[in-house]
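Below are the chains, spelled out letter by letter.
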Amino acid sequence: MPECHSTNTLAVELSQHRSVIEGAVVITHNQYQGKGQRGNQWVSAPGKNLTLSLILKPSFLRADQQFRLNQVISLAISDYSKEKTEKVVKIKWPNDVLINDRKVCGILIENSISGETIQNAIIGIGFNINQTEFESTKATSLKLVEGHDYDLQTELQNLLQCVEIRYLQLREGKIETLEADYMSNLYRIGEQHKFKISNGELSGKIVGIDQRGRLIVKTDAGEQHFDLKEISFADY
Ligand code: BTN
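Caption draft 1: Local environment of the nonpolar core. Among the nonpolar cores identified, the biggest contains 55 residues, and Ile 73, Ile 77, Ile 125, Phe 127, Leu 159 and Tyr 182 are the most heavily contacted of them. Beyond its immediate stretch of four places on either side in the chain, Ile 77 contacts Val 97, Cys 105, Ile 107, Ile 125, Phe 127 and Leu 159.

Caption draft 2: Quick peek at the site of the ligand. Around the ligand sit 20 residues, and of these Ser 6, Gln 31, Lys 35, Gln 37 and Lys 103 come closest. Between the ligand and Ser 6, the relevant distance is 2.7 Å, taken from an oxygen atom to a side-chain nitrogen or oxygen of the residue. At 2.6 Å from an oxygen atom of the ligand is found a side-chain nitrogen or oxygen belonging to Lys 103. Calculation on the ligand without its partners gives an accessible area of 410 Å², and the protein chains cover 98% of this total. Contributing elements (two or more residues each) for the shell around the ligand: α1 (7-15), β4 (34-35), β6 (50-56), β9 (102-114) and β10 (117-127). In terms of residue count, β9 provides more of the shell around the ligand than any other element does, four residues in total.

Caption draft 3: Representation of the sheet that holds strand β2 (residues 25-28) within the structure. Read from one edge of the open sheet, six strands run β2-β6-β10-β9-β8-β7, paired in antiparallel fashion. Only two strands of the sheet have a single partner each, and these edge strands are β2 and β7 (89-92). Here the strands of the sheet are splayed against their neighbours by 15° on average, with no regard to which way each runs. Across the sheet, helix α4 (residues 152-171) is in contact with β2, β6 and β10; its angle to β6 comes to roughly 35°.

Caption draft 4: Region of the structure containing the sheet that holds strand β15 (residues 231-233). Taken in spatial order, the five strands line up as β14-β13-β12-β11-β15 in an open sheet, and their pairing is antiparallel. Edge positions in the sheet fall to β14 (222-226) and β15, since each has one partner strand and no second. Each adjacent strand pair in this sheet contributes to an overall mean axis angle of 50°, direction not counted.

Caption draft 5: Examining the environment of Asp 227 more closely. By the element assignment, Asp 227 lies in the loop between β14 and β15. A sequence separation of 15 residues divides Asp 227 from Arg 212, and the C-alpha atoms of the two residues are 8.9 Å apart.

Caption draft 6: Highlighting helix α2 (residues 67-84). For α2, with 18 residues, the first-to-last C-alpha span of 26 Å sits near the 26 Å given by 1.5 Å per residue. Within α2, 15 of the 18 residues are buried, which leaves the element mostly enclosed by the surrounding structure.

Cut-offs and rules
- Residues numbered from 1 in each chain as written.
- Predicted model: local features only at pLDDT ≥ 70, side-chain atom pairs only at ≥ 80, totals over all residues.
- Heavy atoms only, no water.
- Core = buried A, V, L, I, M, F, W, Y, C linked by side-chain atoms within 4.5 Å.
- Buried < 20%, exposed > 50% of the residue type's maximum accessible area, 1.4 Å probe, protein only.
- Contact = heavy atoms within 4.5 Å.
- Near = heavy atom within 4 Å.
- Polar contact = N/O pair within 3.5 Å; in protein donor to acceptor, adjacent residues only side chain to side chain.
- Areas by Shrake-Rupley, 256 points an atom, 1.4 Å probe, with all protein chains shown as cover.
- Helix = DSSP H or I, 4+ residues; strand = E, 2+ residues; numbered from the N terminus.
- Pairing = 2+ DSSP bridges.
- Axes fitted to C-alpha atoms, helices over the stretch in contact; angles between N-to-C directions.
- Expected span 1.5 Å × (residues − 1).

Okay, structure coming up:
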């Protein structure tokens with residue numbers, strides 16, 4: 001689309017038509033009402049970045065395995081980023097991708113469930129490519145880290161190839177590989193940090209992710225499991 005409000009919203013509508021096949025992509029040069037996680041907006045300068053939504057039909061996943069999708073997509077984006085830069089690439093749980101501690105890509109996954117399984121998954125990806133000015137000091141782009149412009153069409157192909165490889169690993173049941181790769185790319189794993197939680201602050205180390213995709217933090221009081229809205233880094 002030359003422009004659209006949100007590729008995710010459009011892809012959700014499209015995915016309800018039977019003729020739409022798995023792998024269809026909705027992409028725009030100008031997304032003017034982009035949706036982010038936790039009800040935030042996703043703002044992207046027109047013509048500068050990748051803003052797209054991929055339609056998947058992972059009917060092999062049970063509804064309680066939704067986190068697997070976050071895992072494979074963030075890994076794929078991290079794979080792609082590592083092809084583009086030698087700088088440090090990490091996945092900030094659950095699925096932000098950072099280069100040198102700054103966010104280069106946000107992912108918003110919207111699933112529709114039918115019975116026990118996932119019928120349609122809309123994989124929204126906002127990857128900062130050629131934009132160089134951001135409101136947030138925590139944002140970055142490939143151009144900011146590497147110093148040159150990129151061709152968006154080429155980058156789209158490269159990125160989607162990385163997604164396909166990881167998605168096929170999931171479909172083939174290569175869970176151990178995916179788990180190990182996700183953990184080895186996880187931001188601040190095993191380091192002592194302060195976290196904000198609903199009733200205050202705690203200090204601890206990220207030690208893993210549980211089956212439901214919750215973050216496991218080890219504190220003096222033992223291991224605690226947190227959902228997305230329940231925890232964030234105190235200094236990020
Ligand atoms: C986040 O908050 O980090 C998630 C951002 C997701 C943004 C992408 S851009 C393409 C797709 N369409 C949307 O409206 N949002 C996602």
